[in-house]
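Listed below, chain by chain, are the residues.
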Amino acid sequence: MRAVLLFLQIAVTERQSCAFAGLDARATCTTISVPENRTQPGRRQLSLSVVLVPATGDSDARVPIVLLPGGPGGDIIAQHGGWTRLLANVRQEHPLLFVDPRGTGASGALRCALAAEPRRAVSHVRDFLPLAQVRACRRELARRADLTQYTTEAIAHDLEAI
C-alpha cells in the first residue's frame with residue numbers, strides 16, 4: 001500500500017486525465033522517471049507509463065490492484081480493456097493500476113524486426129526466432145539501451161518507485 005500511496009503523491013503534479021475506448025470512466029495517466037541503471041542515477045532515465053482506472057464503488061479508502069503483464073516483454077496498458085471488464089467485480093472496491101514495465105509497451109518498448117512474415121505456416125515453427133536475427137536484434141538494442149538493466153529485479157525496483 002505504501003508504494004501505491006507514493007505513486008499518488010509523486011504523480012500529483014504530473015498526472016492527467018485520460019480516456020480509453022470502452023472504459024466507463026476517465027483514467028489517470030502519468031509517467032514516472034527512473035534511472036535505467038540504479039548504480040548510475042545521473043545517467044539515462046526511463047519513463048514508465050502508469051494508468052490508474054478508478055473504482056466504481058463509493059468508498060474512497062481503496063488499495064489498488066496492480067496489474068503487470070506476463071512476459072517476457074509483454075505490456076499491459078494496451079490490454080486494459082479486457083482486464084477492466086474481467087475484473088469488473090473487483091473494481092467495485094479497488095481501482096486498477098496498470099504499469100508497462102521498462103522496455104515494454106508505452107514504457108520505451110525495446111523492439112526490432114526479427115523475421116519477415118513467413119510464406120508457409122510451417123515457417124512459424126521452424127524459423128521462429130532465427131539465431132542470426134536474434135543476435136542482430138541484440139546488437140541494435142544494445143546501441144540504445146543497457147540490456148543488463150531490463151530484468152525482473154530492475155522492474156521490482158521500478159514498482160517500488162511507483
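Only a predicted model underlies this, so the values are computations on that prediction, with no experimental measurement involved.

Novice: What is the right way to read the overall build of the protein chain from this model?
Specialist: For the protein chain, the count of helices and strands is six helices and five strands. For the protein chain, the N- to C-terminal ordering of α and β elements is α-β-β-β-β-α-α-β-α-α-α. For the protein chain, the proportion of its 162 residues judged to be buried stands at 32%. Within the protein chain, counting contacts between residues at least 6 apart in sequence, those at least 24 apart form 64% of the total. Summed over its atoms, the accessible surface of the protein chain is roughly 10200 Å², and 55% of this surface lies on carbon and sulfur atoms.

Novice: Whenever I open this one, the nonpolar core confuses me. Can you help?
Specialist: Nonpolar side chains in soluble globular proteins tend to be buried together. The biggest cluster of nonpolar side chains holds 12 residues, and these are Cys-18, Leu-23, Ala-27, Cys-29, Val-51, Val-53, Leu-67, Ile-76, Ile-77, Leu-87, Leu-96 and Phe-98. Among the elements of the structure, strand E2 (27–35), strand E3 (45–53) and strand E5 (96–99) are those that each provide at least two residues to this core. Not counting residues up to four positions away in its chain, the partners in contact with Ala-27 are Gln-16, Ser-17, Cys-18, Phe-20, Val-51, Leu-52, Val-53 and Pro-54. One finds Val-34, Leu-46, Leu-97 and Ala-145 within the second-largest nonpolar core, a separate group that totals 11 residues.

Novice: Sorry if this is basic, but what is going on with the pattern of salt bridges here?
Specialist: Enumeration according to the criterion identifies four salt bridges in this entry. The structure contains a network of salt bridges with shared partners spanning Arg-38, Arg-102 and Asp-158.

Novice: Hey, could you run me through the environment of Val-34 in this one?
Specialist: By the secondary structure assignment, Val-34 is in strand E2. Residues Val-34 and Ile-162 lie 128 residues apart in sequence; the distance between their C-alpha atoms is 9.2 Å. Discounting chain neighbours no more than four positions away, the residues touching Val-34 are Arg-44, Gln-45, Leu-46, Leu-48, Arg-102, Asp-158 and Ala-161.

Novice: Please clarify how the pairing of E3 should be interpreted in this entry.
Specialist: Regular strands place side chains that alternate from one sheet face to the opposite one. The buried count for E3 comes to seven of nine residues, which makes it a mostly enclosed element. As defined by bridge partners, E3 adjoins E5 across four bridges and the pair is classed as antiparallel. The partner of Leu-52 across the bridge, within E5, is Leu-97.

Novice: Even after reading the chapter, I still don't get the state of the cysteines, so can you show me in this structure?
Specialist: Covalently bonding the sulfur atom of one cysteine to the sulfur atom of another cysteine gives a disulfide. Summed over all chains, the structure comprises two disulfides. Each sulfur in the disulfide pair Cys-18 and Cys-29 lies 1.8 Å from the other. Since a negative S-S torsion denotes a left-handed disulfide, the Cys-18-Cys-29 link at about 80 degrees is right-handed. Here Cys-18 is found in strand E1 (residues 16–18), whereas its partner Cys-29 is found in strand E2, with 11 residues between them in sequence. Across the pair, exposure class does not vary: Cys-18 and Cys-29 are buried alike. Covalent S-S linkage joins Cys-112 and Cys-137, the inter-sulfur distance amounting to 1.7 Å. Its S-S torsion of about -125 degrees marks the bond between Cys-112 and Cys-137 as left-handed, since a negative value means left-handed.

Novice: Looking at this structure, I do not really get the side chain of Ser-49. What am I missing?
Specialist: Relative to the elements of secondary structure, Ser-49 occurs in strand E3. Residue classification places Ser-49 among the buried residues on the basis of a relative accessible area of 10%. Among the polar contacts listed, one links the side chain of Ser-49 to the backbone oxygen of Ala-106, at a separation of 2.7 Å. With residues up to four places along the chain from it excluded, the contact list for Ser-49 reads Thr-30, Thr-31, Ile-77, Phe-98, Val-99, Asp-100, Ala-106 and Ser-107.

Novice: It is not clear to me how the sheet that holds E5 should be interpreted in this structure. Could you clarify?
Specialist: In any sheet, the strands associate via hydrogen bonds between backbone groups, in a parallel or an antiparallel arrangement. Pairing is mixed in the open sheet, where five strands are placed in the order E1-E2-E3-E5-E4. Strands with a single pairing partner mark the edges of an open sheet, and in this sheet they are E1 and strand E4 (65–67). This sheet shows a mean twist of 30 degrees between the axes of neighbouring strands, independent of strand direction.

Conventions and cut-offs
Residues numbered from 1 in each chain as written. Predicted model: local features only at pLDDT ≥ 70, side-chain atom pairs only at ≥ 80, totals over all residues. Heavy atoms only, no water. Helix = DSSP H or I, 4+ residues; strand = E, 2+ residues; numbered from the N terminus. Buried < 20%, exposed > 50% of the residue type's maximum accessible area, 1.4 Å probe, protein only. Contact = heavy atoms within 4.5 Å. Areas by Shrake-Rupley, 256 points an atom, 1.4 Å probe, with all protein chains shown as cover. Core = buried A, V, L, I, M, F, W, Y, C linked by side-chain atoms within 4.5 Å. Salt bridge = Lys/Arg side-chain N within 4 Å of Asp/Glu carboxyl O. Pairing = 2+ DSSP bridges. Disulfide = S-S within 2.5 Å. Polar contact = N/O pair within 3.5 Å; in protein donor to acceptor, adjacent residues only side chain to side chain. Axes fitted to C-alpha atoms, helices over the stretch in contact; angles between N-to-C directions.

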